[in-house]
There are 6 protein chains.
Amino acid sequence: MPTVKPVAYADASPEVRAVYDDIMATRKIDWVNNMWTTLAHHPPTLKRTWESVKQVMAPGALDSLTKEMIYLAISATNNCEYCIRSHTAAARKAGMTEAMLGELIAVIGMANETNRIANAYQIEVDERFKQVP
Amino acid sequence: MPTVKPVAYADASPEVRAVYDDIMATRKIDWVNNMWTTLAHHPPTLKRTWESVKQVMAPGALDSLTKEMIYLAISATNNCEYCIRSHTAAARKAGMTEAMLGELIAVIGMANETNRIANAYQIEVDERFKQVP
Amino acid sequence: MPTVKPVAYADASPEVRAVYDDIMATRKIDWVNNMWTTLAHHPPTLKRTWESVKQVMAPGALDSLTKEMIYLAISATNNCEYCIRSHTAAARKAGMTEAMLGELIAVIGMANETNRIANAYQIEVDERFKQVP
Amino acid sequence: MPTVKPVAYADASPEVRAVYDDIMATRKIDWVNNMWTTLAHHPPTLKRTWESVKQVMAPGALDSLTKEMIYLAISATNNCEYCIRSHTAAARKAGMTEAMLGELIAVIGMANETNRIANAYQIEVDERFKQVP
Amino acid sequence: MPTVKPVAYADASPEVRAVYDDIMATRKIDWVNNMWTTLAHHPPTLKRTWESVKQVMAPGALDSLTKEMIYLAISATNNCEYCIRSHTAAARKAGMTEAMLGELIAVIGMANETNRIANAYQIEVDERFKQVP
Amino acid sequence: MPTVKPVAYADASPEVRAVYDDIMATRKIDWVNNMWTTLAHHPPTLKRTWESVKQVMAPGALDSLTKEMIYLAISATNNCEYCIRSHTAAARKAGMTEAMLGELIAVIGMANETNRIANAYQIEVDERFKQVP
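Cut-offs applied
- Residues numbered from 1 in each chain as written.
- Chains lettered and ligands numbered in written order.
- Predicted model: local features only at pLDDT ≥ 70, side-chain atom pairs only at ≥ 80, totals over all residues.
- Heavy atoms only, no water.
- Contact = heavy atoms within 4.5 Å.
- Salt bridge = Lys/Arg side-chain N within 4 Å of Asp/Glu carboxyl O.
- Polar contact = N/O pair within 3.5 Å; in protein donor to acceptor, adjacent residues only side chain to side chain.
- Helix = DSSP H or I, 4+ residues; strand = E, 2+ residues; numbered from the N terminus.
- Buried area = accessible area lost by both parts, 1.4 Å probe.
- Nonpolar A, V, L, I, M, F, W, Y, C, P; charged D, E, K, R; others polar.
- Disulfide = S-S within 2.5 Å.
- Buried < 20%, exposed > 50% of the residue type's maximum accessible area, 1.4 Å probe, protein only.
- Least-squares fit on C-alpha atoms with pLDDT ≥ 70 in both.
- Axes fitted to C-alpha atoms, helices over the stretch in contact; angles between N-to-C directions.
- Parallel < 35°, antiparallel > 145°, perpendicular 65-115°, else oblique.
- Left-handed = near helix turned anticlockwise from the far one by under 90°.
- pLDDT = per-residue confidence, 0-100.
- Domains from an automatic or database assignment.
- Phe/Tyr/Trp six-rings, centres within 6.5 Å; stacked < 30°, edge-to-face > 60°.
- Lys NZ or Arg CZ within 6 Å of the ring centre and 35° of its normal.

Q: Looking at this structure, how should I read the interface of chain A and chain B?
A: Size of an interface, as often reported, equals the accessible area lost when the parts are brought together. Counting residues at the interface gives 69 residues for chain A and 69 residues for chain B. If you look at where chain A meets chain B, you find four salt bridges. Between Arg 48 of chain B and Glu 113 of chain A there is a salt bridge, with its nearest N and O atoms 3.3 Å apart. Between the two partners, chain A and chain B, sit 29 residue pairs in polar contact (both at pLDDT 80 or more). Within the residue set of the side of chain A that touches chain B, elements represented by two or more residues are α2 (34–39), α3 (43–57), α4 (64–78), α5 (81–93) and α6 (98–121) of chain A. The biggest single contributor to the side of chain A that touches chain B is α6 of chain A, with 20 residues.

Q: Sorry, what's going on with the interface of chain E and chain D here?
A: Each side of the interface is counted separately: chain E has 19 residues, and chain D has 19 residues. Both faces considered, chain E and chain D share a buried interface measuring about 1900 Å² in area, 60% of it formed by carbon and sulfur atoms. Considering only the side of chain E, the residues that lose the most area to chain D are Ile 105, Arg 116 and Gln 122 of chain E, jointly responsible for 31% of the buried surface there. Counting every contact that joins chain E to chain D gives zero salt bridges. Taken together, chain E and chain D are joined by five residue pairs in polar contact (both at pLDDT 80 or more). Those elements that provide at least two residues to the side of chain E that touches chain D are α4 (64–78), α5 (81–93) and α6 (98–121) of chain E. Residue composition of the side of chain E that touches chain D, by class: eight nonpolar, seven polar and four charged.

Q: Please clarify how the state of the cysteines should be interpreted in this entry.
A: A covalent bond between the sulfur atoms of two cysteines is referred to as a disulfide. Residue and element names in this part refer to chain D. The final tally for this structure, using the stated rule, is six disulfides over all chains. Disulfide partner of Cys 80: Cys 83, at an S-S distance of 2.2 Å. Here the S-S torsion is close to 50 degrees, and the disulfide linking Cys 80 with Cys 83 is therefore right-handed. Assessed through its relative accessible area of 1%, Cys 80 is described here as buried. Judged by relative accessible area, Cys 83 falls into the buried class, the value being 3%.

Q: I tried to follow the relation of the copies chain E and chain D on my own but got confused; where do I start?
A: Superposition of the two copies of the chain requires a rotation about an axis and a shift along the axis. Superposition of chain E onto chain D requires a rotation of 180 degrees combined with a translation of 0.0 Å along the rotation axis, giving an RMSD of 0.0 Å. Here the transformation between the copies is reduced to the relation of a two-fold axis. Judged by C-alpha distance, Glu 113 of chain E is the residue of chain E that lies nearest the rotation axis, at 2.3 Å. An overlap of 100% is found between the interface residues of chain E and their copies at the interface of chain D, pointing to a shared contact surface.

Q: Any chance you could explain the pattern of salt bridges here in plain terms?
A: Residue and element names in this part refer to chain F. This structure, assessed with the given rule, holds 42 salt bridges over all chains. Across the pair Arg 85 and Glu 81 runs a salt bridge, and its minimum N-O distance is 2.9 Å. Placement of both Arg 85 and Glu 81 in helix α5 (residues 81–93) is noted, with a separation of four residues, approximately one turn of the helix. Owing to a relative accessible area of 6%, Arg 85 belongs among the buried residues under this scheme. The exposure class assigned to Glu 81 is partly exposed, which follows from its relative accessible area of 35%.

Q: Teacher, can you tell me more about the packing of helix α4 (residues 64–78) of chain F against α5 of chain F here?
A: Between two packed helices, what matters for the description is the angle formed by their axes and the separation of those axes. Residue and element names in this part refer to chain F. Here α4 crosses α5 at 160 degrees, and the two axes come no closer than 9 Å. The angle between α4 and α5 falls in the class roughly antiparallel. When you trace α4 past α5, the crossing you get is left-handed. Of α5, the residues touching α4 (which contributes Leu 65, Glu 68, Met 69, Tyr 71, Leu 72, Ser 75 and Ala 76) are Cys 83, Ile 84, His 87, Thr 88, Ala 90 and Ala 91. Grouping the amino acids of the contact of α4 with α5 by side-chain chemistry returns nine nonpolar, three polar and one charged.

Q: Explain the side chain of Gln 122 of chain E here, please?
A: Mapped onto the secondary structure, Gln 122 of chain E falls in the segment after α6. The class of Gln 122 of chain E is buried, set by a relative accessible area of 11%. Not counting residues within four places of it along the chain, the set of residues in contact with Gln 122 of chain E comprises Asn 79, Glu 81, Ile 84 and Arg 85 of chain D together with Met 1, Pro 2 and Thr 3 of chain F.

Q: Sorry, what's going on with the side chain of Thr 114 of chain F here?
A: The topology assignment puts Thr 114 of chain F in helix α6 (residues 98–121). Judged by relative accessible area, which is 5%, Thr 114 of chain F ranks as buried. Here Thr 114 of chain F is in contact with Met 35, Thr 49, Val 53, Tyr 71 and Cys 83 of chain E, once residues within four sequence places are set aside.

Q: Is there a simple way to think about unusual backbone geometry in this case?
A: Most peptide bonds are trans, and most residues other than glycine sit at a negative phi. Within the chain, Lys 28 of chain B stands out as a residue other than glycine whose phi angle is a positive 55 degrees. For Lys 28 of chain B, the location among the structural elements is in the loop between α1 (14–27) and α2 (34–39).

Q: Could you clarify how one ought to interpret the confidence of the model for chain A in this entry?
A: Low pLDDT means the predicted atomic positions in that stretch should not be read closely. Of the residues in chain A, 100% have a pLDDT of 70 or more, and the chain-wide mean is 97. ipTM for the predicted complex: 0.97, alongside a pTM of 0.98.

Q: Where do I start with the packing of helix α4 (residues 64–78) of chain D against helix α6 (residues 98–121) of chain D in this structure?
A: Residues and elements named next belong to chain D. Their axes nearest at 10 Å, the elements α4 and α6 cross at an angle of 45 degrees. On the basis of the axis angle, α4 is oblique to α6. Handedness of the α4/α6 crossing: right-handed. Of the residues in α6, those touching α4 at Leu 65, Met 69, Leu 72, Ala 73, Ala 76 and Thr 77 are Met 100, Leu 101, Leu 104, Ile 108 and Asn 112. By residue class, the composition of the contact of α4 with α6 is nine nonpolar, two polar and no charged.

Q: I tried to follow the domain arrangement of chain A on my own but got confused; where do I start?
A: Residues and elements named next belong to chain A. In terms of domain boundaries, chain A breaks down into domain 1 (1–58) and domain 2 (60–133). Relative placement of domain 1 and domain 2: their C-alpha centres are 26 Å apart. Each side of the interface is counted separately: domain 1 has nine residues, and domain 2 has eight residues. Contact between domain 1 and domain 2 buries roughly 580 Å² in total, counting both sides, with carbon and sulfur atoms accounting for 52%. Contact with domain 2 buries surface across domain 1, with Met 35, Met 57 and Ala 58 losing the most and accounting together for 66% of the total. There are six residue pairs in polar contact (both at pLDDT 80 or more) connecting domain 1 and domain 2.

Q: Looking at this model, I keep getting lost on the relation of the copies chain A and chain B. Mind explaining?
A: When chain A is fitted to chain B, the residual RMSD is 0.0 Å, and the transformation amounts to a turn of 180 degrees plus an axial shift of 0.0 Å. In this assembly, 100% of the residues forming the interface of chain A have copies in chain B that are likewise at the interface, indicating an isologous arrangement.

Q: Please clarify how the packing of aromatic side chains should be interpreted in this entry.
A: Two aromatic rings, taken as a pair, are described by how far apart their centres are and by the angle between their planes. Applying the stated rule across the entire model yields 24 aromatic pairs over all chains. Each ring, one from Phe 129 of chain A and one from Trp 31 of chain B, has its centre 5.7 Å from the other, and the planes form 55 degrees; the classification is tilted. Here Phe 129 of chain A, found in the segment after α6, pairs with Trp 31 of chain B, found in the loop between α1 and α2, and the two come from separate chains. Accessibility classification places Phe 129 of chain A together with Trp 31 of chain B in one group, the buried group. What links up through ring pairs into an aromatic cluster is the set Trp 31 and Tyr 82 of chain A together with Phe 129 of chain B. Over the ring of Trp 31 of chain B we find Arg 128 of chain A; its NZ or CZ atom is 4.1 Å from the centre of that ring.

What follows is the structure, encoded as structure tokens:
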């Protein structure tokens, strides 16, 4: 149970409903997941966050699948269960195969291992890595 | 300065040199970055880590560029300077454009924002997100 | 279920009961929450932690409500469910309204977003921000 | 040095300059800090992030000083040096005294301690803390 | 429920069974815990991870109990429930008493507190602490 | 440079000097490291933190070397440079050899790797690991 009451479509203000409608239209689905019904506790945050997510996750220089896998990698690093489960689902919907998920998780594990080894020894940045193209 | 003395090629044992040689051959470069010369402080960890990185980062179901961008996303989330700088360089070498980097960092920021909002409200996982294909 | 057996008041040693009594007297409540009954697994840690919390969270240059909201912001960032739920309750008891909670969570999300963007680009600290008054 | 080239006002596109101008006007200052000149590497992220920060950090149900101290608490928890230094400066400008900073840091330390103790014992959430008002 | 289907011994490929057999033989037990049956989703990661864990956790310059307590300290800091519970069990099996667990958790809390205080004030590293033996 | 002015012995109040004197006497050294001279910015936090550290780090069910290595493991996980460098020095002083440091860092890397793999797959806790002795 979240720490606030989620807002169902039937109980939502017109301002909140407009965001719910846009989520369903953009994603071509007929339901709204708990992320948004809970965020509706604070309508300005609901609106701003949805508009940001819509802009950031749209395909551009990176395709949707790559973006979803990056989102999942960060969520696993941060240990956010909601985010891990929703973005595993989203990445699969965007085309992630089980073999891709297996390799993704191997990279997640490896990056977290070497990040801590680099910290532990306080490894110095090589001069070549400081150059900006 | 790291907390231990890095091991230069000239001073390295045959066991350590073999790893250095394999790093240079695999990556088609003529130098070894500080990650490995510092890890040589403990040869079994040097060898095991290099072999794991070589296996995990090889192109497979995911290509090298995608893997490098995922590594960078995790390193930025963990705030590991060495890892951020070395994998920004590696991702560029693998073909990451400045537009791709800009979008990658937008996803990094957004995922970290919504991860914490999901935590703060203790948003409940939707039943649909619990289903395994 | 915690990894150790919590200690109920009836089963507690006089040393542990003295801490429980002080918690109830200080907070003007008639029960002891699981944080403390679990910490009683190691009485010296129970006593030291309670005395530190009592000192640090007392109103001083900062009022209790501000302190509770800071506690909640950190707990959400660390994803500690126990801490998120207990300090959301404590902040509400200290006067936090739903509008204040909504803005607090917006700041939590934003700070975590820009923290990672600052890391990802390795943004340099401005000279003006290094000056100490 | 950041991993990309910051964009000075003189070299900025009209789109980027418009953001810089709004930052200076909103904050009543005559310079733009590195956060924004580095973010200008990706103009859509610059614009979206600034508009979000402006909205989230404006005084509302919480005043500016409280918001800045929460930002600092999260930045210290995440160990983002840029963010710690810039928000320590911003909080002081908004009225934070040295005594308030001392108590803030005491809460930062304490929350991080008890968060990990709660994790380590896997303390169970009390039923009373699960109730939503 | 994990995000993938765990692989029971009866359903496992010969490659996966070989790892399961080695886990049971090495640990002198007759069951395989969920870590490994879930990792079997991606057999190369199962094999590589098990071989690394076997090598790293074997007694050497540090004994098994010390290694398990270090693992638990990191898992509590990262708030990984699976890891906290499995390594609390493993540390007890290796000889950790309740008094040792109590002191371990006290150190976990204290280190997390002072880590954040050091960050919050941006404490400078003393010259003496930069010297490498 | 820290965000506040450290307090040298010569400039310290009697209250602060008493803590400095106790640090030097307890550790049998003739200088006070920056952790404490910076914490002196807020004398109640200086006094409370020192007394807690003195109690928690004293040898008991765990010896000093084990406690210092646990502290280092957490500091590397949290990426606190000050803490990594000061506790690497302290652990060496307490008897940590280079071989022990090498194994410690291997455990730090491995625990951080498997923590994130457990998160990424949302591995379920085995029933046996939920039992409390």
